[in-house]
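Chain by chain, the residues run as shown.
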Amino acid sequence: MSEPGEGDLPEGASRRMHRFGRWIGRTFVRLPYRTHVHHLDRVPRTGPLVLVANHSSLIDGPLLFGMLPREAVFLVKHEMFKGPLGWFLRRIGQIPVRRGEPDRTPLLAAVRVLRAGGLVAVFPEGTRSGGGDVAKAEHGAAWLARTSGARMLPVACRGTRRPEGRGRRLLPRVDVLFGEPVTLPVAKGRAGLTAATEQVRDELVGLIAELDGLIAGTSESDDARGKQA
């Protein structure tokens, strides 16, 4: 059973365990990286919110979970919910989802979290992609936002995936850019859902491009300072 007042976490979750999980994300998951977080202030502290992020590495979820300034429920692939790790994920409030299967059970659980004013995080590509560039997007994130009346918040991540052909990196740089909250179109039917899904993808692709430009500008500034030294 959930502890009293945990309406914005799924049934069976513990707020104490949730806080512990976030502490692990803030403290230990970030240790191997030089993490640069941009515009964390754009995350609304209250109200229903569907967070959507690109996904290129297994570390993306735990990293975001630890840095968010409020409780967050992530949709996590079902294969992760085995043994002690599965127990821990459920206790911190994460929801298992089977990829490629028409199962609305996890989506309905997420809707309950959103209608209670919580935050649900989704990787709309449905799985990790090599470049993390969101070449496609599934309908889940848009469906959640439209069904619950939640706003959508795009987040772009770069640097968590080791480049192909490279060995282990020492303290690699990771950049995370939070976008502005967006209200998706509410047109009904399949066409409306498709349009909302395309907007989710467009917002995310645009934010990734903005982050790439920000990283490039930072690198050029660092190079210029190095030449002047």
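Refer to the preceding data block for the structure.
Draft legend 1. Structural context of the sheet that holds strand β3 (residues 73-77). Pairing is mixed in the open sheet, where seven strands are placed in the order β1-β7-β6-β2-β5-β3-β4. The two strands at the open ends of the sheet, each matched to only one other strand, are β1 (34-38) and β4 (95-97). Pairs of neighbouring strands in the sheet enclose a mean axial angle of 25°, with direction left out of account. Sheet topology places strand β2 (residues 49-53) next to strand β6 (residues 151-158); five bridges connect them, and they run parallel. When the sheet's bridge partners are listed, Val52 is paired in β6 with Pro154.

Draft legend 2. Here's a closer look at the pattern of salt bridges. Counted according to the given criterion, the structure contains seven salt bridges. The partner of Glu180 in a salt bridge is Arg42, and the shortest N-O contact between them spans 3.3 Å. In this pair, Glu180 sits in the loop between β7 (173-178) and α6 (189-228) while Arg42 sits in the loop between β1 and β2, placing the two residues 138 residues apart along the sequence. Here Glu180 falls in the partly exposed class, since its relative accessible area comes to 47%. Where Arg173 meets Asp175, a salt bridge forms, and the shortest distance between an N and an O atom there is 2.6 Å. Owing to a relative accessible area of 2%, Asp175 belongs among the buried residues under this scheme.

Draft legend 3. Focus on the packing of aromatic side chains. Tallying each qualifying case throughout the model produces five aromatic pairs. With a centroid separation of 6.0 Å and an interplanar angle of 80°, the aromatic rings of Phe65 and Phe74 are classed as edge-to-face. Judged by its relative accessible area of 3%, Phe74 is buried. Through a chain of ring-to-ring contacts, the aromatic side chains of Phe20, Trp23, Phe28 and Phe88 assemble into a single cluster.

Draft legend 4. The environment of Val43, seen in detail. With respect to the secondary-structure elements, Val43 resides in the loop between β1 and β2. Between the C-alpha atom of Val43 and that of Val155, which follows or precedes it by 112 residues, the distance is 9.9 Å. When near neighbours in sequence (up to four residues on either side) are disregarded, Val43 contacts Leu49, Leu68, Pro69, Arg70, Leu153 and Phe178.

Basis of the calculations
- By convention here, each chain's residues receive numbers from 1 onward along its written sequence.
- Owing to the predicted nature of the model, reporting of local features is limited to residues with pLDDT of at least 70; listing and counting of side-chain atom pairs is limited to 80 or more, with chain, interface and lining totals taken over all residues.
- For side-chain calculations, the full set of non-hydrogen atoms in the structure is used, while hydrogens and water are omitted.
- The criterion for strand pairing is that DSSP finds at least two bridges linking the strands in question.
- Helix and strand definitions here come from DSSP, where helices need a minimum of 4 consecutive H or I residues and strands a minimum of 2 consecutive E residues; each element is numbered from the N-terminal end.
- Axis geometry follows a simple rule: fit a line to the C-alpha atoms, using only the stretch in contact for helices, then measure angles between N-to-C directions, giving values from 0 to 180 degrees.
- Any Lys or Arg side-chain nitrogen found within 4 Å of a carboxyl oxygen on Asp or Glu counts as a salt bridge.
- Think of it in three bands: with a 1.4 Å probe and only protein chains considered, a residue is buried below 20% of the maximum accessible area for its type, exposed above 50%, and partly exposed in between.
- We call Phe, Tyr and Trp rings a pair once their centres come within 6.5 Å, taking the six-membered ring for Trp, and we label the pair stacked below 30 degrees between planes, edge-to-face above 60, and tilted otherwise.
- Note on definitions: a residue-residue contact is assigned when non-hydrogen atoms from the two residues lie within 4.5 Å.

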